[in-house]
Every structure is written in C-alpha cells, then in structure tokens.
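Geometric and topological summary
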Amino acid sequence: MAEPLELTVDGMRYAVEVDPHRTLLRLLRDDLGRTGPKEGCDDSECGACMVLLDGRPVNSCSYLALQAAARTVTTVEGLGTPDELHPLQRAFLEAGGIQCGFCTPGMLISAAALLAADPDPTDERIRDALAGNLCRCTGYQPILAAVTTAAAELRAG
C-alpha cells in the first residue's frame with residue numbers, strides 16, 4: 001500500500017505516494033525524472049547512485065524513499081545547469097575526469113560533499129572521500145586533478 005511522501009529534490013518540492021519498499025534511486029529516476037543517479041551494483045558498492053541527502057552523500061540504491069521524508073535531496077542535476085556548470089562539473093570536463101560518464105554523477109556528488117566540508121582537501125582526503133565511487137575508465141588521476149582544480153576555484157570565489 002502506497003504511503004505519502006513529501007521531499008525536496010534539486011530545489012523543487014514534491015508530494016508523491018510510494019511503496020514502502022521503493023528505493024530513493026527508483027523514485028528519483030522513474031518517478032521524478034532525475035536520471036543522473038545510476039543503478040550500478042544495486043548494493044551500495046559502486047557509488048553510481050550517490051546523491052546528497054541534507055548535504056551528506058548517500059547511496060540511493062540502498063536508501064528507502066520514505067526515509068527521505070521532509071528532507072532535501074540533491075542529485076547531479078541540482079549541482080549546476082547546462083548554461084552554468086558547477087565548478088566541479090567544469091573541472092571534470094577540462095581535466096578528462098569523464099570518459100564513459102557512468103560513474104561521473106556519483107563522483108561529482110561525493111566531491112561536492114567533500115568540498116562543502118573541506119574547501120582545501122589534501123590528495124589523501126580526496127581519495128578517501130571518493131573511495132566509495134568506482135570508475136573503470138579514467139584511472140582516477142584526472143578525477144583527483146579535477147577535484148583539486150575545483151577546490152581552488154571555489155576558494156578563490
């Protein structure tokens with residue numbers, strides 16, 4: 001039996017009804033049209049489904065939609081716009097941190113959470129923050145460079 005759910009996603013308020021067993025990932029992708037979060041492993045191992053929940057990164061594939069009641073969700077679509085990319089999005093493009101793109105939304109979300117908490121992270125801190133995000137294409141060095149570049153840009157204002 002469907003339950004009522006109210007939440008904010010990328011700045012927009014939603015009131016929906018969801019099955020108690022529906023994941024946040026399925027709600028975001030299937031019902032709200034946010035296709036940035038990807039279904040990779042469906043077991044909280046790859047990070048492709050990462051979103052910010054009240055500013056903290058969570059694997060939406062293992063998070064029940066009803067647990068997000070009255071909370072704020074930010075997907076990769078909420079970081080920037082096509083006309084004005086977030087500094088992380090721009091840095092990923094410029095540094096070659098994007099290849100197939102499947103892991104990119106989760107990487108961007110994890111990096112955004114890191115930079116919100118630590119505006120001047122060390123390479124080790126960046127690696128730790130991205131440890132829950134798997135990438136099979138880039139070799140991680142361009143991603144590390146992109147996060148470092150974006151951090152400097154954000155600090156400079």
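Look above for the structure.
It should be emphasised that the depicted structure is a prediction, and the values quoted were computed from it without experimental measurement. (Residues numbered from 1 in each chain as written. Predicted model: local features only at pLDDT ≥ 70, side-chain atom pairs only at ≥ 80, totals over all residues. Heavy atoms only, no water.)

**Some points on the overall build of the chain**
Along the backbone of the chain there are five helices and five strands. Listing the helices and strands of the chain from first to last along the sequence gives β-β-α-β-β-β-α-α-α-α. By principal-axis analysis of the C-alpha atoms, the chain measures approximately 45 × 30 × 25 Å. Across the chain, the fraction of contacts at a sequence separation of at least 24, relative to all contacts at a separation of at least 6, is 53%. Counting every atom, the chain has about 8000 Å² of accessible surface; 50% of that belongs to carbon and sulfur. (Helix = DSSP H or I, 4+ residues; strand = E, 2+ residues; numbered from the N terminus. Contact = heavy atoms within 4.5 Å. Areas by Shrake-Rupley, 256 points an atom, 1.4 Å probe, with all protein chains shown as cover.)

**Observations regarding helix H1 (residues 24-31)**
For H1, the full list of buried residues reads Leu24, Leu25, Leu27 and Leu28. Glycine 33 sits one or two positions beyond H1 and adopts a positive phi of about 70 degrees. (Buried < 20%, exposed > 50% of the residue type's maximum accessible area, 1.4 Å probe, protein only.)

**Here we look at the sheet that holds strand S2 (residues 12-18)**
In spatial order, the strands read S2-S1-S5-S3-S4; together these five strands make up an open sheet with mixed pairing. Each having just a single partner strand, S2 and strand S4 (56-59) make up the two edges of the open sheet. Neighbour to neighbour, the strand axes of the sheet diverge by 40 degrees on average, direction disregarded. In this sheet, S2 lies alongside strand S1 (residues 3-9) in antiparallel orientation, the contact comprising seven bridges. Residue proline 4 lies in a different strand from S2, and its bridge partner there is glutamate 17. Across the sheet, H1 touches S1, S2, strand S3 (50-53) and strand S5 (72-74), and the angle it forms with S1 is around 75 degrees. Seen against the sheet, helix H3 (residues 104-117) touches S3, S4 and S5 and runs at an angle of roughly 35 degrees to S3. (Pairing = 2+ DSSP bridges. Axes fitted to C-alpha atoms, helices over the stretch in contact; angles between N-to-C directions.)

**What about the nonpolar core?**
In terms of nonpolar packing, the biggest core is built from 25 residues, with Leu88, Phe92, Met107, Leu115, Leu130 and Val147 touching the most fellow members. Secondary structure elements with two or more residues in this core: S3, helix H2 (87-95), H3 and helix H5 (141-156). What valine 147 contacts, discounting residues up to four positions off in sequence, is Leu88, Phe92, Ala111, Leu114, Leu115, Ile126 and Leu130. Val16, Leu53, Tyr63 and Val73 belong to the second-largest nonpolar core, a separate cluster that totals 17 residues. (Core = buried A, V, L, I, M, F, W, Y, C linked by side-chain atoms within 4.5 Å.)

**Some thoughts on unusual backbone geometry**
Its identity is not glycine, yet aspartate 42 carries a phi of approximately 60 degrees, on the positive side. Non-glycine residue aspartate 54 carries a positive phi angle of around 50 degrees. Looking at the element boundaries, aspartate 54 is found in the loop between S3 and S4.

**Here's the deal with the packing of H3 against H5**
With their axes 11 Å apart at the nearest point, H3 and H5 run at an angle of 40 degrees to one another. Considered as vectors, H3 and H5 are oriented oblique to each other. When the axes of H3 and H5 are compared, the crossing they make is right-handed. Across the interface between the two elements, Met107, Ala111, Leu114 and Leu115 of H3 pack against Ile143, Val147, Ala150, Ala151 and Leu154 of H5. (Parallel < 35°, antiparallel > 145°, perpendicular 65-115°, else oblique. Left-handed = near helix turned anticlockwise from the far one by under 90°.)

**Details of the packing of H2 against H3**
Two numbers describe a pair of packed helices, the interaxial angle and the distance between the axes. Where H2 meets H3, the closest approach of the two axes is 10 Å, and the angle between their N-to-C directions is 130 degrees. Classed by the angle they form, the pair H2 and H3 counts as oblique. Helix-helix and strand crossings are classified by hand; for H2 and H3 the assignment is right-handed. Contacts between H2 and H3 pair Leu88, Gln89 and Phe92 from the former with Thr104, Met107, Leu108, Ala111, Ala112 and Leu115 from the latter. Class assignment of the residues belonging to the contact of H2 with H3 gives a composition of seven nonpolar, two polar and no charged. (Nonpolar A, V, L, I, M, F, W, Y, C, P; charged D, E, K, R; others polar.)

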